[in-house]
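What the coordinates show
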Amino acid sequence: MSLLCTICARGGSKGVVGKNARDLLGKPVLAWSIAQARETGLFDAIAFSSDSDALLEAALKAGADIAVKRPDEMATDTAPKLPAIRHCLEQAIAQSGKTPEIFVDLDVTSPLRLASDIAGAVALLRESGARNVITGAPARRSPYFNLVEQRTDGSVGLSKPTDPPITRRQDAPRCFDMNASIYVWRVAPFLERPAVFYPDTRLFEMPEERSIDIDSDLDFALVELLLRQRLPA
């Protein structure tokens, strides 16, 4: 197994209740990520992790190869995601008996990505030799130019001031909003020290219209609208 895909989804959600299983243009939200992983033709297996038996059953029905039951302590509202991803990876390795060189984690609430985005992020990892690749869209605000933060005394100022100050956005370093859509890691360094950022982390750029993460009912409506526009007339 050279490439593995992991997809992790909790049964509970406060922002959009039941969003991972919610119907999105005729199929559950979780099924979109599984279909995109399949479409790439890159993966030897797709592992789906959840604390919910119903979600695991739906994932297998949608085409996942491996179901991983997530421990309850990794499925709380405050639980970080990296331990859940690592658990899914380790369980997939144990169930398959094979250790991949690279694995890709897809966020189930980011169904606007394309299979070509996944393939592009994997290609960037291979070409760069980096330990991992994240994805993001060009930021609407620059911390060097017009993104401000509030200080403890209530005053505000540039988030990242420079001396001399940058007076044109075009002169500021390029900044991106992480969209949490696709993460690509080399397995060995991830298992040694799971992290989102390493000294050699690279970013694969995606457009804003493919970078919406479903975290509210408004997000869901926007995602549904944008996906509907892709359907043939």
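The structure under discussion appears in the preceding block.
The model shown is predicted, which means the values in this text are computed figures rather than measured ones.

**With respect to the overall build of the chain**
In terms of helices and strands, the chain carries six helices and 12 strands. Its C-alpha radius of gyration of 19 Å places the chain within 12% of the 17 Å reference for a compact globule of 233 residues. In the chain, buried positions account for 44% of the 233 residues. As displayed, the chain has an accessible area near 11800 Å², and 52% of this comes from carbon and sulfur atoms. Distance between charge centres in the chain, computed from 28 positive and 31 negative side chains, equals 2 Å.

**Structural notes on helix H6 (residues 217–230)**
Between its terminal C-alpha atoms H6 stretches 20 Å, which fits the 20 Å expected from 14 residues at 1.5 Å a residue. In the core, the buried residues of H6 are packed alongside strand S2 (23–24) and helix H1 (29–40).

**Side note on the pattern of salt bridges**
Counted under the stated rule, the structure contains 14 salt bridges. When salt bridges with common partners are traced through the structure, they connect Lys81, Asp105 and Asp107 into a single cluster.

**Digging into the pairing of strand S6 (residues 102–107)**
The buried fraction of S6 is high, at six of six residues. By the alternation rule, side chains of S6 split into Ile102, Val104 and Leu106 and Phe103, Asp105 and Asp107, which are all buried. As paired strands, strand S1 (residues 3–8) and S6 are joined by six bridges and run parallel to one another. Residue pairing across strands places Leu3 opposite Ile102, the latter belonging to S6. Relative to strand S11 (residues 182–186), S6 is paired through five bridges, and the arrangement is antiparallel. Across the sheet, residue Phe103 finds its bridge partner in S11, namely Trp185.

**Side note on the pairing of strand S4 (residues 45–50)**
In regular strands, side chains alternate between the two faces of the sheet. For S4, the buried fraction is high: six of the six residues fall into the buried class. Residues Ala45, Ala47 and Ser49 point to one face of S4 and Ile46, Phe48 and Ser50 to the other, with burial holding for every one of them. Direction of pairing for S1 relative to S4: parallel, over a ladder of five bridges. Bridge pairing links Thr6 to Ala47 in S4. Running through helix H2 (residues 53–62), the crossover from S4 to the neighbouring parallel element strand S5 (residues 66–69) is right-handed.

**Focus: the nonpolar core**
Phe48 and Val184 are the most contacted members of the largest nonpolar core, which totals 28 residues. Mapped onto this core, the elements with two or more residues apiece are S1, H1, S4, H2, S6, helix H4 (115–128) and S11. Non-local contacts of Phe48, meaning those with residues more than four positions away in its chain, are made with Ile7, Ala9, Leu30, Ile34, Leu55, Leu56, Ala59, Ala64, Ile66, Ala67 and Val68. Membership of the second largest hydrophobic core comes to 19 residues, among which are Ala45, Ile85, Ile134 and Phe190.

Definitions and cut-offs
- Residues numbered from 1 in each chain as written.
- Predicted model: local features only at pLDDT ≥ 70, side-chain atom pairs only at ≥ 80, totals over all residues.
- Heavy atoms only, no water.
- Helix = DSSP H or I, 4+ residues; strand = E, 2+ residues; numbered from the N terminus.
- Rg over C-alpha atoms; globule rule 2.2 N^0.38 Å.
- Buried < 20%, exposed > 50% of the residue type's maximum accessible area, 1.4 Å probe, protein only.
- Areas by Shrake-Rupley, 256 points an atom, 1.4 Å probe, with all protein chains shown as cover.
- Lys, Arg positive; Asp, Glu negative; His and termini not counted.
- Charge placed at Lys NZ, Arg CZ, Asp CG, Glu CD.
- Expected span 1.5 Å × (residues − 1).
- Contact = heavy atoms within 4.5 Å.
- Salt bridge = Lys/Arg side-chain N within 4 Å of Asp/Glu carboxyl O.
- Pairing = 2+ DSSP bridges.
- Right-handed = clockwise from strand over helix to strand, strands pointing away.
- Core = buried A, V, L, I, M, F, W, Y, C linked by side-chain atoms within 4.5 Å.

None of this, on its own, says anything about what the molecule does.
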